[in-house]
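Examining the three-dimensional arrangement
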Amino acid sequence: MRLFRDPDLAILLCVVMFAVTGGSLVGPILPEMIAPLEATQKSIGWALSVYTLFAMLATPLLGVVADRAGRKRVIVPATVAFGLAGLLIAFTRSFWLVLVFRAVQGIGVGGMMNTVVAALGDRYTGSERNRAMGYRVTAQSLTNAVIPFVAGVLATVAWFVPFFIHALAVPAGIVAAFRLEETGGKESRSEGYIQRTLSAIANPRAIWLFFSNFMGFFLLYCVVVYMPLYVVRGLSLTTGHAGLAMSVGAGLVALTASQAGRLRRFLSEGKLVFAGLAACGLALLGIGLSWSYAGLLAVMLLWGLGFGTLMPALNAAAAGLASAELRAGVLSVFTLLIYLGQTLSPPFFALFIGEETVRGAFFAGGASSLIPLLLTLVLAWRGSADQTPPS
């Protein structure tokens, strides 16, 4: 119960909720942005790609800064910059300026997401760490379930109105500046930083965690990109039905992740990761085999159960890979792989779709899940999947 009385947890969860809106708010409103910004159907995607690219570049750099200067000194300016850039987009009518401000938002989220995980890892240990990471995934999932619908409604007023939601990150950053307790940033421990960071990630357990994280988001974006296409084209329904299906999955992710602390008391990290990956793989196969909307919704429940089990276990385990003075640097690699998975997933699974159906993408996703599942089994057999990490 100590977690519920911790104001720092509330601040960190608020920051991460704003961070995830960087993608979930913008995706649904891209069609509304084309005409007023004089963009095209081919070029408008850069509003997401530029954001992801700069987040990928900024994450490892700001991870080093967070380890040396402290978590708060990264979280506060990154959150304020993210919000200010969103506010500026709301007053921008040039597509190129939108891309510039989206790049700034990418840099900001590169300092928000990763550093929040590091800060949670600093503050909590054991089952409390799993519980805190679960609350983080819950906050993200609830945001991802609500924001796309809200943004879509606001965009019917004007394409730029949803970006005022991003502007609210500025007061969140100001609150963090005054109320968030600083962790990390011990200059005396900076000697040999790069060598010790590389040592922390150059071992079978770390590679397994990083690869599983990459595959989790690689599989996620197969669902995010191609499930709506299947609903609209394959089942002849509307984008509203597709949004509801995504919300069902995200809602169960949030519910499952909120129980991460309890699950960790009964199952090891290796078993949780295996169970989560297995459920995600089966869900992808289920989407490909579903012939009705009701069946699809049932499969999305399985997806939510799997992803909500997988992510808190991976985040808690990754946060424990290194001691506090190296944590943000190590986690920056972990977070970078999220963006890499999101970037590579759509073009890879596009190889398996046809003109008439996208089912092949889901079958390829189910088959792809076998790779991290087998790696997890190998690590479990060697006893590396559940080693006690440093605190």
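Residues numbered from 1 in each chain as written. Predicted model: local features only at pLDDT ≥ 70, side-chain atom pairs only at ≥ 80, totals over all residues. Heavy atoms only, no water.

1. With respect to the overall build of the chain
The condition is simple: In DSSP terms, a helix is any run of H or I states spanning at least four residues, a strand is any run of E spanning at least two, and both are numbered starting from the N terminus. In this description the radius of gyration comes from C-alpha coordinates, and the expected globular size is given by 2.2 Å times residues to the power 0.38. Burial here depends on accessible area, computed with a 1.4 Å probe over protein chains only, as a share of the maximum for the residue type. Under 20% is buried, over 50% is exposed, and the range in between is partly exposed. A contact between two residues is defined here by any heavy atoms of the two lying within 4.5 Å. Methods summary: accessible areas were calculated by the Shrake-Rupley approach with a probe of 1.4 Å, and residue burial reflects only the protein chains presented. In summary, the charge assignment counts Lys and Arg as positive and Asp and Glu as negative, without counting His or the chain termini. Where a charge lies is defined by one atom per residue type: Lys uses NZ, Arg uses CZ, Asp uses CG and Glu uses CD.
Helices and strands together make up the secondary structure of the chain, namely 17 helices and zero strands. Against the globule reference of 21 Å for 391 residues, the chain gives a C-alpha radius of gyration of 20 Å, in line with a compact fold. The dimensions of the chain, computed from C-alpha atoms along their principal axes, are 60 × 50 × 35 Å. Buried positions account for 55% of the 391 residues belonging to the chain. The long-range share in the chain, meaning contacts at least 24 apart out of those at least 6 apart in sequence, stands at 84%. Only carbon and sulfur atoms are counted for the fraction: they give 70% of the accessible area of the chain, which is about 16,300 Å². Within the chain, the 16 negative side-chain charges are centred at a point lying 5 Å from the centre of the 26 positive side-chain charges.

2. Some thoughts on helix 14 (residues 293-319)
We apply this condition: One fewer than the residue count of a helix, multiplied by 1.5 Å, yields its expected span.
Spanning 27 residues, helix 14 covers 38 Å between terminal C-alpha atoms, matching the ideal 39 Å at 1.5 Å per step. Burial within helix 14 is extensive, with 20 of its 27 residues counted as buried.

3. Regarding the nonpolar core
Across soluble globular proteins, nonpolar side chains show a tendency to be buried alongside one another. What counts is decided by this rule: Buried residues of nine kinds, namely Ala, Val, Leu, Ile, Met, Phe, Trp, Tyr and Cys, make up a nonpolar core once their side-chain atoms join them within 4.5 Å.
Residues Leu 296, Trp 303 and Phe 362 are the most contacted members of the largest nonpolar core, which totals 97 residues. Top contributing element to this core by residue count: helix 10 (residues 204-234), with 16 residues. In this view, Trp 303 contacts Leu 219, Leu 220, Val 223, Cys 280, Ala 283 and Leu 284; residues no more than four positions away in its chain are not counted. Ranked by size, the runner-up nonpolar core spans 25 residues in total, among them Phe 95, Ala 103, Ile 147 and Ala 155.

4. Some thoughts on unusual backbone geometry
Here the phi dihedral of Glu 38 falls at roughly 55°; this positive angle occurs in a residue that is not glycine. Tracing the backbone shows Glu 38 in the loop between helix 2 (30-34) and helix 3 (46-69).

5. Quick notes on the side chain of Ser 290
Relative to the assigned elements, Ser 290 resides in the loop between helix 13 (269-289) and helix 14. Setting aside its immediate chain neighbours within four residues, Ser 290 contacts Tyr 230, Gly 295, Leu 296 and Arg 359.

6. Looking at the packing of helix 3 against helix 4 (residues 72-90)
Quick note on the threshold: A fitted line through C-alpha atoms represents every axis, and for helices the fit uses only the stretch in contact; the resulting angles, taken between N-to-C directions, go from 0 to 180 degrees. Throughout this description, any angle smaller than 35 degrees is read as roughly parallel, any larger than 145 degrees as roughly antiparallel, any in the 65 to 115 degree range as roughly perpendicular, and the remainder as oblique.
Taken N-terminus to C-terminus, the directions of helix 3 and helix 4 make an angle of 150°; their axes are 9 Å apart at the nearest point. Here helix 3 lies roughly antiparallel to helix 4, going by the angle between them. Residue-level contacts link Tyr 51, Leu 62, Val 65, Ala 66 and Ala 69 of helix 3 to Arg 73, Val 74 and Phe 82 of helix 4.

7. Quick word on a nonpolar patch on the surface
Put simply, the test is: Patch definition: residues with relative accessible area over 30% and no salt bridge; like charges joined within 9 Å; nonpolar side chains (Val, Leu, Ile, Met, Phe, Trp, Tyr) joined within 5 Å. We count a salt bridge whenever a side-chain nitrogen from Lys or Arg sits within 4 Å of a carboxyl oxygen from Asp or Glu.
On the surface, Leu 53, Phe 54, Leu 57 and Ile 107 cluster together to form a nonpolar patch covering roughly 330 Å² of accessible area. Looking at which element gives the most residues to the nonpolar patch, the answer is helix 3, with three residues. By the element assignment, Leu 53 lies in helix 3. Of the residues examined, Leu 53 reaches a relative accessible area of 41% and is grouped as partly exposed.

8. Quick notes on the pattern of salt bridges
On inspection of all chains with the given rule, the structure shows five salt bridges. Each of Asp 8, Arg 123 and Glu 181 takes part in a single network of salt bridges with overlapping partners.

9. Some words on the packing of helix 13 against helix 14
Stated formally: Take the far helix as your reference; a near helix turned counterclockwise from it by less than a right angle gives a left-handed crossing, and one turned clockwise gives a right-handed crossing. Amino acids are sorted into nonpolar (Ala, Val, Leu, Ile, Met, Phe, Trp, Tyr, Cys and Pro), charged (Asp, Glu, Lys and Arg) and polar (every other residue, Gly among them).
The contact between helix 13 and helix 14 brings their axes to 7 Å, and the two run at 150°. Taken together, the axes of helix 13 and helix 14 are roughly antiparallel relative to one another. Remark: the crossing between helix 13 and helix 14 carries left-handed chirality. Looking at the contact of helix 13 with helix 14, its residues break down into 20 nonpolar, four polar and one charged.

10. Overview of helix 4
Under the 1.5 Å per step criterion, the end-to-end length of helix 4 is 27 Å for 19 residues, consistent within 8% with the ideal 27 Å. Listing the buried residues of helix 4 in full gives Lys 72, Val 74, Ile 75, Val 76, Ala 78, Thr 79, Phe 82, Gly 83, Ala 85, Gly 86, Ile 89 and Ala 90. Looking at the buried residues of helix 4, the elements they touch are helix 1 (7-24), helix 3, helix 5 (95-123), helix 7 (163-167) and helix 8 (169-179).

11. Let's talk about the environment of Asp 122
Rules: Within 3.5 Å is the distance limit for a polar contact, defined as a pair of N or O atoms, with the added protein rule that one can donate a hydrogen and the other accept it, and that residues adjacent in sequence qualify only through two side-chain atoms.
With respect to the helices and strands, the residue Asp 122 is situated in helix 5. Sequence separation between Asp 122 and Arg 136 is 14 residues, and the spatial gap between their C-alpha atoms is 14 Å. Looking at Asp 122, its side chain comes within polar contact range of the side chain of Arg 71, at 2.6 Å.

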